[in-house]
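One letter stands for each residue in the lines below.
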Amino acid sequence: METASQYGKMGISEKVYSFGEKICSELKERFEKIDQTAEYNQLRVIDAMHKNNVGEACLSGTTGYGYNDLGRDTLERVWADLFGCEDALVRPQITCGTHALALALFSNLRPGDELLSAAGKPYDTLEEVIGIRPSQGSLAEYGITYAQADLTADGEFDFEAIRSKINERTKLVTIQRSKGYQTRKTLSVTQIGEAIKFIKSIRSDILVMVDNCYGEFVERIEPSHLGADMTVGSLIKNPGGGLAPIGGYIVGKKECVENAAHRLTSPGLGKEVGASLGILPQFYQGLFLAPIVTASALKGAIFAANIYERLGFSCVPNATEDRHDIIQAITFGKPEGVIAFCKGVQAASPVDSFATPEPWPMPGYDSNVIMAAGNFVSGSSIELSADGPIKPPYAVYFQGGLTWAHAKYGILNTLQFLINDGVVTLN
Ligand SMILES: *Cc1c(COP(=O)(O)O)cnc(C)c1O
């Protein structure tokens, strides 16, 4: 009663609240399973911290060159253990996910090599890294060519296509785990493991890199546990736990990670430099919280799919299928749906709740885009956020939620906005 009336004070009608409660009560078993995965991953994080003797001294950083940065070096050993790898590069000097991926590619490819994407078209920002869209400083400018094996119509690896695209110049195969902003399915870690095995059976010296963005801690294992030479991602998504204010990571084979370090800093310097300044407490604590934060975001995504599928909208993933990342796509079929949804997310945010998102012609997009986020960390998408291009099929992409309670309120608020704007009626 108290909770219902607090929701009421915050604009959520009794009808919306009780509809949400009904959906929640049907999700108990699924949420239980998510909590069990989070518990397991939480233990793995703590175990890696114990093994590497994380101590108070690790929390203070260095300045200047950053030689002998105990906290930074220990944190990288924690990550390596957690991901079952030889080595890790986890740095605030890696500015974002795209930078981490570009770093992994540029440092492990040489002129004349070919890069193969085994999961179809990669994430938008990688098109410019690779040179699919001509761009200053792309791999293409360095004489590194690109080939692509598309997924099958049902979103599975096309093993014969992969085989046919591998040639004597193929040096590195990239696999994107998450669907990103496409409507294909997200690949499971098991599926990725099978692809890695297949690729290595063709030629064992081909390197496999996995773009792990949005996938961390959703399952009990990561692609690195199934043989990925490099697993790469952003710290302002899942593994930063909402606390990391910047950063990216590359975990994997020692040689690959060393290559990346020597490109991030300089030949001859590698991992030895790169002051952590004051950032380590957030990196450690963020990683510590990440399994639970990821679970909150996952519950939010499942809650949203169940709400909107019930109301007749198509959801990817759908209301019942297994999850391999935290992104939820909902197709509204008209611009008003996308706009009302984003307004609801914005109004439920802890920061900038008073702002109203509007569609605008974002650089790099071929239509107007609306984005909603009222974040503690700018652009963080482990925090509750949503965006959608204003073009058919008028789908919104929604992700994040540092706590399940916030994700729940945010989603109820989207429904309230859709009702208030006359896009949806609740019987
Ligand atoms: C977010 C994302 C990226 C790029 O990350 P940024 O931090 O936005 O540069 C790359 N690949 C996938 C699948 C992503 O979701």
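Rules used in this analysis
- Residues numbered from 1 in each chain as written.
- Predicted model: local features only at pLDDT ≥ 70, side-chain atom pairs only at ≥ 80, totals over all residues.
- Heavy atoms only, no water.
- Helix = DSSP H or I, 4+ residues; strand = E, 2+ residues; numbered from the N terminus.
- Rg over C-alpha atoms; globule rule 2.2 N^0.38 Å.
- Buried < 20%, exposed > 50% of the residue type's maximum accessible area, 1.4 Å probe, protein only.
- Contact = heavy atoms within 4.5 Å.
- Areas by Shrake-Rupley, 256 points an atom, 1.4 Å probe, with all protein chains shown as cover.
- Lys, Arg positive; Asp, Glu negative; His and termini not counted.
- Charge placed at Lys NZ, Arg CZ, Asp CG, Glu CD.
- Domains from an automatic or database assignment.
- Buried area = accessible area lost by both parts, 1.4 Å probe.
- Salt bridge = Lys/Arg side-chain N within 4 Å of Asp/Glu carboxyl O.
- Nonpolar A, V, L, I, M, F, W, Y, C, P; charged D, E, K, R; others polar.
- Axes fitted to C-alpha atoms, helices over the stretch in contact; angles between N-to-C directions.
- Parallel < 35°, antiparallel > 145°, perpendicular 65-115°, else oblique.
- Left-handed = near helix turned anticlockwise from the far one by under 90°.
- Pairing = 2+ DSSP bridges.

A. Highlighting the overall build of the protein chain. Helix and strand counts for the protein chain come out as 12 helices and 12 strands. A compact globule built from 427 residues would reach a C-alpha radius of gyration of about 22 Å, and the protein chain, at 22 Å, matches this within 12%. Overall, the protein chain is about 65 × 50 × 40 Å in size when its C-alpha atoms are taken along their principal axes. Scored against the burial criterion, the 427 residues of the protein chain give a buried share of 56%. When contacts within the protein chain are restricted to residue pairs at least 6 apart in sequence, those whose partners lie at least 24 apart make up 70%. Of the roughly 17600 Å² that the protein chain leaves accessible, carbon and sulfur atoms contribute 54%. Taken together, the 38 basic and 49 acidic charged side chains of the protein chain have centroids lying 2 Å from each other.

B. Region of interest: the domain arrangement of the protein chain. Taken as a whole, the protein chain is organised into domain 1 (2–42 + 288–420) and domain 2 (62–276). For domain 1 versus domain 2, the separation of C-alpha centres amounts to 28 Å. Taken residue by residue, the interface counts 29 residues in domain 1 and 29 residues in domain 2. Together, the buried faces of domain 1 and domain 2 total about 2500 Å²; carbon and sulfur atoms form 61% of this surface. The three residues of domain 1 that bury the most area against domain 2 are His324, Asp325 and Tyr397, which together make up 23% of that side's buried surface. In this structure, the connection of domain 1 to domain 2 is made through 1 salt bridge. The shortest N-O distance in the salt bridge between Asp325 and Lys179 comes to 3.5 Å. Listed by contribution, the elements that provide at least two residues to the side of domain 1 that touches domain 2 are α3 (28–51), α10 (280–310) and β12 (395–399). Its residues assigned to classes, the side of domain 1 that touches domain 2 shows 15 nonpolar, 10 polar and 4 charged.

C. Representation of the environment of Asp158. When you line up the elements, Asp158 lands in the loop between β3 (145–148) and α7 (159–165). Residue Asp158 is classed as partly exposed on the basis of its relative accessible area, which comes to 26%. Aside from chain neighbours lying at most four places away, what touches Asp158 is Asp150 and Thr152.

D. Spotlight on the packing of helix α2 (residues 14–26) against α10. Taken N-terminus to C-terminus, the directions of α2 and α10 make an angle of 120°; their axes are 10 Å apart at the nearest point. With respect to each other, α2 and α10 are oriented oblique. Like other packed secondary-structure pairs, α2 and α10 cross with a definite hand, here right-handed. Seen from α2, the contacting residues are Phe19, Gly20, Lys22, Ile23, Cys24 and Glu26; seen from α10, they are Phe303, Asn306, Ile307 and Arg310. Tallied by class, the residues present in the contact of α2 with α10 amount to 5 nonpolar, 2 polar and 3 charged.

E. Quick look at the pairing of strand β9 (residues 328–331). Relative to β9, strand β8 (residues 314–316) runs antiparallel, the two being bridged by 3 bridges. For Cys315, the partnering residue across the bridge sits in β9 and is Ile330. Sheet topology places β9 next to β12; 4 bridges connect them, and they run antiparallel. Across the sheet, the residue bridging to Ile330 is Val396, located in β12.

F. Quick peek at unusual backbone geometry. Residues Val316 and Pro317 are joined by a peptide bond in cis, for which omega reads -5°. Counting through the fold element by element, Pro317 comes out in the loop between β8 and β9. Following Pro392, the chain continues to Pro393 via a peptide bond in cis, the omega torsion being 10°. As for its position among the elements, Pro393 is in the loop between β11 (385–389) and β12.

G. Broad picture of the pattern of salt bridges. What the rule picks out here adds up to 24 salt bridges. Residues Lys408 and Glu21 are paired through a salt bridge, measuring 2.7 Å at the closest nitrogen-oxygen approach. Residue Lys408 is found in helix α12 (residues 404–420), and its partner Glu21 is found in helix α2; the two are separated by 387 residues along the sequence. For Glu21, a relative accessible area of 29% puts it in the partly exposed group.

H. Representation of the sheet that holds strand β1 (residues 87–91) in the model. Reading across from one edge, β1-β7-β6-β5-β4-β2-β3 is the order of the 7 strands in this open sheet, with mixed pairing throughout. With one partner strand each, in any of the chains shown, β1 and β3 form the two edges of the open sheet. Averaged over all adjacent pairs, the angle separating strand axes in this sheet is 20°, with direction ignored. The pairing of β1 with strand β7 (residues 248–252) spans 5 bridges and is classified as antiparallel. In the strand pairing of β7, Asp87 is matched with Gly252. Those strands touched by helix α8 (residues 189–202) are β4 (170–176) and β5 (207–211), and its axis lies near 160° from that of β5. Of the strands in this sheet, β1, β5, β6 (230–234) and β7 are in contact with helix α9 (residues 254–264), which crosses β1 at around 30°.

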